[in-house]
Amino acid sequence: MVSKRSMDVRPSGIREIFEMAAEGAINLGLGELDFDPPEEAREALKKACTSGSSKYGPTSGLMELRELIASKEIAHSNSITAKNVLVTGGATEGIMAIYQVLLDPGDEVLVPDPGFVLYAPDATLVGARPIPYALREESDFMPNMSELQELVTPKTKAIVVNSPSNPTGAVISKEVFGGLLDLARDRRMMIISDEVYEDFVYDSKHFTFAGDLDVSIVVSSFSKSLAVPGWRIGYLMANEELLNELSKMQYYLLACPATPIQQAVTAALPYKDKFIARILPIMDARRRRMVSLLNKIPGFSCMLPSGAFYAFPRYDLDMPSRELAEAIARAGVISSPGSAFGLLGERHLRFSYAASEDDISRGIEVVGSVVEHLA
Ligand SMILES: Cc1ncc(COP(=O)(O)O)c(C=O)c1O
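Note that the structure is predicted; figures quoted are calculated from it, not measured.

Q: Is there a simple way to explain the pairing of strand 8 (residues 234-237) in this structure?
A: Here is the key point about a regular strand: its side chains alternate between the two faces of the sheet. Burial along strand 8 is two-sided: Gly-234 and Leu-236 and Tyr-235 and Met-237, pointing in opposite directions, are all buried. Both strand 2 (residues 85-88) and strand 8 contribute to a ladder of 4 bridges, which runs antiparallel. Residue pairing for strand 8: Leu-86 is matched across the bridge by Leu-236. In this sheet, strand 8 lies alongside strand 7 (residues 216-221) in antiparallel orientation, the contact comprising 4 bridges. Across the sheet, Ser-221 pairs through a bridge with Gly-234, a residue of strand 8.

Q: Hey, could you run me through a nonpolar patch on the surface in this one?
A: A contiguous nonpolar patch, built from Met-1, Val-2 and Met-7 and spanning about 460 Å² of accessible area, is present on the exposed surface. Relative to the helices and strands, Met-7 resides in helix 1 (residues 4-7).

Q: Would you mind going over the environment of Lys-272 with me for this structure?
A: By secondary structure assignment, the location of Lys-272 is in helix 12 (residues 272-296). The spatial distance from the C-alpha of Lys-272 to the C-alpha of Leu-226 is 6.4 Å, given a sequence separation of 46 residues. Discounting chain neighbours no more than four positions away, the residues touching Lys-272 are Asp-199, Ser-225 and Leu-226.

Q: Whenever I open this one, the pattern of salt bridges confuses me. Can you help?
A: Any two side chains of opposite charge can pair if their charged atoms end up close together. The full count for this structure, using the stated rule, is 23 salt bridges. Residue Arg-129 pairs with Glu-108 through a salt bridge whose shortest N-O separation is 3.3 Å. Here the residue Arg-129 occupies a position in strand 4 (residues 129-134), and Glu-108 occupies one in strand 3 (residues 108-113), the gap between them amounting to 21 residues. For Arg-129, a relative accessible area of 47% corresponds to the partly exposed category. For Glu-108, a relative accessible area of 7% gives the class buried.

Q: Just to check I follow, could you spell out the domain arrangement of the chain for this structure?
A: A common way to state how big an interface is: give the accessible area lost once the parts meet. Segmenting the chain into domains produces domain 1 (4-37 + 273-374) and domain 2 (39-272). Here the C-alpha centre of domain 2 lies 24 Å away from the C-alpha centre of domain 1. Taken together, the 41 residues of domain 1 in the interface contact 41 residues of domain 2. Of the roughly 3300 Å² buried at the junction of domain 1 and domain 2 (both faces included), carbon and sulfur atoms supply 62%.

Q: Mind showing me how you'd approach the sheet that holds strand 8 here?
A: Backbone-to-backbone hydrogen bonds pair the strands of a sheet. The strands run either parallel or antiparallel. Taken together, the 7 strands give an open sheet; going across it, the order is 2-8-7-6-5-3-4, and neighbouring strands pair in mixed fashion. With one partner strand each, in any of the chains shown, strand 2 and strand 4 form the two edges of the open sheet. Neighbour-to-neighbour, the strand axes of the sheet open up by a mean angle of 25°, direction not taken into account. Across 6 bridges, strand 3 lies against strand 4 in parallel orientation.

Thresholds, definitions, all that
Residues numbered from 1 in each chain as written. Predicted model: local features only at pLDDT ≥ 70, side-chain atom pairs only at ≥ 80, totals over all residues. Heavy atoms only, no water. Buried < 20%, exposed > 50% of the residue type's maximum accessible area, 1.4 Å probe, protein only. Helix = DSSP H or I, 4+ residues; strand = E, 2+ residues; numbered from the N terminus. Pairing = 2+ DSSP bridges. Patch = residues over 30% accessible without salt bridge, like charges linked within 9 Å, V, L, I, M, F, W, Y side chains within 5 Å. Areas by Shrake-Rupley, 256 points an atom, 1.4 Å probe, with all protein chains shown as cover. Salt bridge = Lys/Arg side-chain N within 4 Å of Asp/Glu carboxyl O. Contact = heavy atoms within 4.5 Å. Domains from an automatic or database assignment. Buried area = accessible area lost by both parts, 1.4 Å probe. Axes fitted to C-alpha atoms, helices over the stretch in contact; angles between N-to-C directions.

Have a look at this one:
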């Protein structure tokens, strides 16, 4: 009855723990900001809902929004225009549209391990093979260029890069950025660059692939940057030829992005930088607090992540991360098991610090007592 490809993908390990947790649990599990979206976004959405904008819009998104996005991206490449921008139903739909357009059954796509939960299952869903590439803690979770070279075969069509990374928080260096571009050009494959955390970089610099659309497709989202994950809106940037294919594909996946939501984002986008400037110092303080508390738990060690909003500690208990996350959830704190992000995520937990400092302190205290009890 159910297709093989549907049976071949498991439910997301992040959602499983979230859904088993009791009501009132401290949520350090989901990657969503606890801030309200900017006032301008909320006001614009109210207006869009009352002014009759309930019709289908263009498949690629409203031209006004595409132009606005392109004008902001000009800083990275002066050749980006609205024709390089596709408004999507969030990065989730955008990534599926890219896979549908780039990958044939049997093709290979290199995906980070540990890496975000969509990259490998989405490949399975289009009949392609996800080939994990290792991100090791001892190398600051940076890809190893010679290992990548070895993994490329004639079937490799693309590599997924996610910087700042979910779950590790790592931000790629200039050298890695350049190395990935060289690799993609030499071996004739596309970089699918998931940059949804581009605005959450604390003590390093974000390198975007938006200036290299000859070999890259950039995935962006408003879920994080405007704190609107439930609005389901984001965008892709690609060269014109690919963008037309992606737009054609989007029709079959989504028809078009939601019109009132696009109008609200168009009104709010000019205020994004101000919003980020307000919340980033708060996120930075939370980041430091969470990492310092985690490092006080015996057997836990956690690097200070440079970007995104996750801490990804390693632990030395002899217990799979899923069982540990379940025990912690039973004690009232939601986290994500490292195994949800790939084989190399095992023996790690992922905690989101997009939560109040009070929740972070109380939550990590609970984690400490669960670990003490288990040890
Ligand atoms: C790395 C990464 N990519 C994509 C997404 C999906 O974003 P969206 O809400 O725009 O679908 C997430 C959400 O957490 C993410 O962490």
